Amino acid sequence: MKHLNTAPLVRQVNLDAELDIHVAPVTTSDKVAFAFVKMLRFFADKFFATRYGHRAVVLETVAAVPGMVGGLWQHLKALRYIRDDEGWIRTLLEEAENERMHLMTFIKIADPNRFERMLIMVTQLIFYNFYFWLYLFAPRTAHRVVAYFEEEAVFSYTQYLAEVDAGRHENVPAPQIAIDYWQLPQDARLRDVIIAVRADEAEHRDVNHDFVTVIDNKRAD
């Protein structure tokens, strides 16, 4: 066990993250991805309404899947073609790890009940299998799905922040896992956590939109 890397995970909050970015769907692939994400948003809004902490718990479970699936496929592709992965694997796995830390943070904040924990398992089972096959046959669409998903995440966390600022959600102390991960002050509150998570989601949004551009450029060559 002494060979395991047990160093604590840390991440710097990107306070310069641009929030109001939207890439309009142009191709059929874009439109399918956009419509799919909007459908997910519709059901999330109906089910969770303004329970943003509980929404985050379930949706971060979904958000942690694409990076791991994409990293796996890029790893296998690099091995199969005996070529460099150009940084895709590490980027995607870091994305998956970051989303998992979001989940670990909001579990401490929202404390999901038994039904929501069951919903997490069912949602992950369904989405993992869906995304696995989507990435196999349409990686461009898969990355666009994630990018649009993250656009919605930025919007949702902005709404969550507004609810906290308006006093409709208690600005509870930040859990220690969040303080350690984002290196927040020891007196950090929920508001600080939301800002950190939202910045992460904005970064994932931009990275996945960029991945689509890279794929398009390679196909055009």
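Note on numbering: residues in each chain are counted from 1, in written sequence order. Two thresholds apply to this predicted model, a pLDDT of at least 70 for residue-level local features and 80 or more for giving and counting side-chain atom pairs, whereas whole-chain, interface and lining totals are computed over all residues. With hydrogens and water set aside, each side-chain value is computed from the structure's full complement of heavy atoms.

A. Focus on the packing of aromatic side chains. For Phe, Tyr and Trp, rings pair up if their centres lie within 6.5 Å, where Trp contributes its six-membered ring, and each pair is then called stacked (planes under 30 degrees apart), edge-to-face (over 60) or tilted (otherwise). The final tally for this structure, using the stated rule, is 13 aromatic pairs. For the ring pair Phe106 and Tyr157, a centre distance of 5.8 Å and an interplane angle of 25° mean the geometry is stacked. You can see Phe106 sitting in helix α3 (residues 88-110) and its partner Tyr157 sitting in helix α5 (residues 139-165), a full 51 residues away along the chain. A 1.4 Å probe rolled over the protein chains alone gives each residue an accessible area, and that area as a share of the maximum for its type sets the label: buried under 20%, exposed over 50%, partly exposed in between. Phe106 gets classed as buried once you look at its relative accessible area, which sits at 0%. Judged by relative accessible area, which is 6%, Tyr157 ranks as buried. Among the aromatic residues, ring-to-ring pairing joins Phe36, Phe127, Phe130, Tyr131 and Tyr135 into one connected group. Counting from the N terminus, the helices are DSSP H or I runs at least four residues long and the strands are E runs at least two residues long.

B. Summary view of the pattern of salt bridges. A pair is scored as a salt bridge if a Lys or Arg side-chain nitrogen falls within 4 Å of a carboxyl oxygen belonging to Asp or Glu. Under the criterion given, the structure shown has eleven salt bridges. Here Lys38 makes a salt bridge to Glu152, at a shortest N to O gap of 2.7 Å. Taken together, the residues span a long stretch of sequence, with Lys38 in helix α1 (residues 28-48) and Glu152 in helix α5 at a distance of 114 residues. Among the ionic pairs, Arg205 bridges to Asp206, the shortest N-O distance being 2.7 Å. Classification of Arg205 by relative accessible area gives buried; the value is 0%. Judged by its relative accessible area of 28%, Asp206 falls in the partly exposed class. The structure contains a network of salt bridges with shared partners spanning Asp30, Arg140, Arg144 and Asp216.

C. Region of the structure containing the side chain of Glu150. Along the chain, Glu150 turns up in helix α5. The charged-residue count follows a simple rule in which Lys and Arg add positive charge and Asp and Glu add negative charge, with His and chain termini not counted at all. Of the side chains bearing the opposite charge, Arg205 lies closest to the buried Glu150, which forms no salt bridge; the N-O distance is 8.4 Å. Among all residues touching Glu150, those that are not within four sequence positions of it are Glu99, Glu201, His204 and Arg205. Residue contacts are counted whenever heavy atoms from the two residues lie within 4.5 Å of one another.

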